[in-house]
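# Fold and geometry: a report
The chain contents come next:
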Amino acid sequence: LEGNYQGLNLKTTMGSLIALHVIRELIVVMPDIQTAYREFILNDVIPHIDASYRSLAQRQSRGIAGHSRGGFGALTLATDHPGLFGAVYALSASSLDRDDPIVEGAPERGMRPSLIARVAALRDSIKELAIRFDVGTADRLLKPNQDLAAAMDAAGVPHVFETYPGDHNGVIRQRLATQLLPFF
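This report concerns the structure included in the present document.

What counts, and where the lines are drawn
Residues numbered from 1 in each chain as written. Predicted model: local features only at pLDDT ≥ 70, side-chain atom pairs only at ≥ 80, totals over all residues. Heavy atoms only, no water. Helix = DSSP H or I, 4+ residues; strand = E, 2+ residues; numbered from the N terminus. Buried < 20%, exposed > 50% of the residue type's maximum accessible area, 1.4 Å probe, protein only. Contact = heavy atoms within 4.5 Å. Patch = residues over 30% accessible without salt bridge, like charges linked within 9 Å, V, L, I, M, F, W, Y side chains within 5 Å. Areas by Shrake-Rupley, 256 points an atom, 1.4 Å probe, with all protein chains shown as cover. Salt bridge = Lys/Arg side-chain N within 4 Å of Asp/Glu carboxyl O. Axes fitted to C-alpha atoms, helices over the stretch in contact; angles between N-to-C directions. Parallel < 35°, antiparallel > 145°, perpendicular 65-115°, else oblique.

Of the regular secondary structure elements, the protein chain holds six helices and eight strands. For the protein chain, the N- to C-terminal ordering of α and β elements is β-β-α-α-β-α-β-β-β-α-β-α-β-α. Along the first, second and third principal axes, the C-alpha set of the protein chain runs to 45 × 40 × 30 Å. In the protein chain, which comprises 184 residues, the proportion classed as buried is 44%. Long-range pairs, those at least 24 residues apart, make up 67% of the contacts in the protein chain with a sequence separation of at least 6.

Checked against the element boundaries, R175 lands in helix 6 (residues 172-183). By relative accessible area, which is 8% here, R175 ends up buried. Once you skip the residues sitting within four places of it in the chain, R175 turns out to touch Y89, L91, R132, D134, E162, Y164 and L180.

Time to look at a nonpolar patch on the surface. Taken together, the side chains of I27, V29 and Y53 present a nonpolar region at the surface, about 270 Å² in accessible area. Counting through the fold element by element, I27 comes out in the loop between helix 1 (10-19) and helix 2 (37-52). Given the relative accessible area of 41%, I27 is considered partly exposed.

On to the packing of helix 3 (residues 69-80) against helix 4 (residues 115-126). At a closest axis distance of 10 Å, the pairing of helix 3 and helix 4 adopts a crossing angle of 40°. One finds that helix 3 runs oblique with respect to helix 4. Note on element contacts: helix 4 touches helix 3 through L115, R118, L122 and I126, opposite L75, T79 and D80.

Here is the structure:
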């Protein structure tokens, strides 16, 4: 792992936050995935990490996070598989208001409603999932993220949603260090 994202040296930042007792030790995995991420994370990444590293192979000790399309992917994986993940954090999640292929990459095999539309039906299965997401007030994705928060509020799904001054990429480095890492 190179350990850089959006100009943030993750290894240095995590070392500092651990030394200051802001976060506990954790394993961060950052796969560079362009397509078919769901099956790859579920069937390859998680089993490999649990078999190869000193992980705690239980949902309470496993979280998933992402930015933009990765934020959507993190929310989708966590809400589809709440038995695998105890926490999810999405930064400026995209595609929240779009229908999603039932089989990743194969829309011809059917679509399912958007995550916003499915929240009420997911309520009971995700009630123990720690959910946090945020978006900048100047981000083009502000409204869909606000709509997801409203749908979660209406369905009684516990979550934390926050807006901050900024656009899609401008303060992601700071959000990672001050919000995302301490969340886990």
